[in-house]
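What the coordinates show
Residue-level listing of the chains:
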Amino acid sequence: GIQVEQSPPDLILQEGANSTLRCNFSDSVNNLQWFHQNPWGQLINLFYIPSGTKQNGRLSATTVATERYSLLYISSSQTTDSGVYFCAVEIGYGQNFVFGPGTRLSVLP
Amino acid sequence: AAGVIQSPRHLIKEKRETATLKCYPIPRHDTVYWYQQGPGQDPQFLISFYEKMQSDKGSIPDRFSAQQFSDYHSELNMSSLELGDSALYFCASSSVVGLGEETQYFGPGTRLLVL
């Protein structure tokens, strides 16, 4: 099956710093989404981004489908950005997600 | 906007008991997915339904069963619970027809603790 890798596995930042999270996947995908799981376990949809670039406030994401990777950028990080960031891919129309192992982000005040 | 609803939000059971988790998808969504997230793990796909029929199956134990009803809500039934079943169970819904972006929307999860 498809393999999804994320790097780095852990990241510690000082408030205000910028960061880039990476997601690599081993096969063509129909859909890619970035999620933020907050400390209470809730999965928050950040971006639906099978290709191209999107921005939402301090967050932006880019997926280069031909090279099978996606990047999530967090600028001017805040303590509320802490949590685990998951990349998830869907290989076929209407099929289930395969999640990456996540990047655990800790933003220190 | 309406979101995916899951109930209960928290559940404590003893070993060998049964549990039923419920999921109410976003209105007009016809596909429901169930995921299990163990402690420190990423979510793993269990099973999905499209138009009340099972559409795909992942790593769902034989002790678990699920179905989707005529109103599109879904229930995950878990029997002979084991300690290892303690996890966060997510339900997600989507619309194959496409109400905009083809994306899965996740519910808040049900946290199951088996003692």
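Structure shown above.
Quick notes on the rules
- Residues numbered from 1 in each chain as written.
- Chains lettered and ligands numbered in written order.
- Predicted model: local features only at pLDDT ≥ 70, side-chain atom pairs only at ≥ 80, totals over all residues.
- Heavy atoms only, no water.
- Helix = DSSP H or I, 4+ residues; strand = E, 2+ residues; numbered from the N terminus.
- Rg over C-alpha atoms; globule rule 2.2 N^0.38 Å.
- Buried < 20%, exposed > 50% of the residue type's maximum accessible area, 1.4 Å probe, protein only.
- Contact = heavy atoms within 4.5 Å.
- Areas by Shrake-Rupley, 256 points an atom, 1.4 Å probe, with all protein chains shown as cover.
- Lys, Arg positive; Asp, Glu negative; His and termini not counted.
- Charge placed at Lys NZ, Arg CZ, Asp CG, Glu CD.
- Pairing = 2+ DSSP bridges.
- Axes fitted to C-alpha atoms, helices over the stretch in contact; angles between N-to-C directions.
- Core = buried A, V, L, I, M, F, W, Y, C linked by side-chain atoms within 4.5 Å.
- Buried area = accessible area lost by both parts, 1.4 Å probe.
- Salt bridge = Lys/Arg side-chain N within 4 Å of Asp/Glu carboxyl O.
- Polar contact = N/O pair within 3.5 Å; in protein donor to acceptor, adjacent residues only side chain to side chain.

In terms of regular secondary structure, chain A is built from zero helices and eleven strands. The secondary structure elements of chain A, listed N-terminal to C-terminal, are β-β-β-β-β-β-β-β-β-β-β. Taking 109 residues into account, the globule formula puts the C-alpha radius of gyration at 13 Å, and chain A, at 13 Å, falls close to it. Projected onto its principal axes, the C-alpha positions of chain A cover 40 × 25 × 20 Å. Out of the 109 residues in chain A, the part that is buried amounts to 50%. Excluding contacts between residues fewer than 6 apart, the proportion of contacts in chain A whose partners are at least 24 apart in sequence is 55%. Of the roughly 5100 Å² that chain A leaves accessible, carbon and sulfur atoms contribute 49%. Of note, chain A has its 5 positive side-chain charges centred 3 Å away from the centre of its 7 negative side-chain charges.

Residues and elements named next belong to chain B. Pairing is antiparallel in the open sheet, where four strands are placed in the order β1-β3-β8-β7. Edge strands, defined here as strands with exactly one partner in the open sheet, are β1 (5-7) and β7 (64-68). Along the sheet, successive strands turn relative to each other by an average axial angle of 15°, direction set aside.

Another aspect to go through is the environment of Trp40 of chain A. By the element assignment, Trp40 of chain A lies in the loop between β4 (31-37) and β5 (43-48). Along the sequence, Trp40 of chain A and Gly83 of chain A sit 43 residues apart, while their C-alpha atoms lie 9.1 Å from each other.

Turning to unusual backbone geometry, a few remarks are in order. Residue Ser7 of chain A is joined to Pro8 of chain A through a cis peptide bond whose omega torsion reads -10°. Mapped onto the secondary structure, Pro8 of chain A falls in the loop between β1 (4-7) and β2 (10-14). The amide bond that connects Ser7 of chain B to the next residue, Pro8 of chain B, takes the cis arrangement and shows omega of -10°. As for its position among the elements, Pro8 of chain B is in the loop between β1 and β2 (10-13). Of note, Arg16 of chain B is a non-glycine position whose phi angle comes to about 75°, a positive value.

With that settled, the discussion passes to the environment of Leu32 of chain A. All names here are of chain A. Mapped onto the fold, Leu32 is located in strand β4. The spatial distance from the C-alpha of Leu32 to the C-alpha of Gln14 is 28 Å, given a sequence separation of 18 residues. If we skip the residues at most four places from it in the chain, Leu32 touches Cys23, Phe25, Phe47, Tyr48, Ile49, Pro50, Thr63, Ser70, Cys87, Ala88 and Val89.

For the rest of this paragraph, the subject is the nonpolar core. Residues Leu21, Trp34, Leu76, Met78 and Tyr89 of chain B are the most contacted members of the largest nonpolar core, which totals 22 residues. Counting only elements with at least two residues in this core, the list comes to β3 (19-24), β4 (31-37), β5 (44-50), β7, β8 (74-78), β9 (87-94) and β11 (110-114) of chain B. Ranked by size, the runner-up nonpolar core spans 21 residues in total, among them Leu13, Leu32, Leu72 and Val89 of chain A.

Attention now goes to the interface of chain B and chain A. Taken together, the contact pairs 19 residues of chain B with 21 residues of chain A. Of the roughly 1700 Å² buried between chain B and chain A on both sides combined, carbon and sulfur atoms contribute 50%. Remark: the boundary between chain B and chain A carries zero salt bridges. Viewed at the interface, chain A and chain B are joined by five residue pairs in polar contact (both at pLDDT 80 or more). Among the secondary structure elements, those contributing two or more residues to the side of chain B that touches chain A are β4, β9 and β10 (105-106) of chain B. Here the side of chain B that touches chain A gets three residues from one element, more than from any other, and that element is β4 of chain B.

All names here are of chain A. Strands sit in the order β1-β3-β8-β7-β6 across an open sheet of five strands; the sheet is antiparallel. Edge positions in the sheet fall to β1 and β6 (52-56), since each has one partner strand and no second. In this sheet, neighbouring strand axes are inclined to one another by 15° on average, regardless of whether the strands run parallel or antiparallel. Across six bridges, the pairing between strand β3 (residues 19-25) and strand β8 (residues 69-74) is antiparallel. Note that in β8 the partner of Leu21 across the bridge is Leu72.

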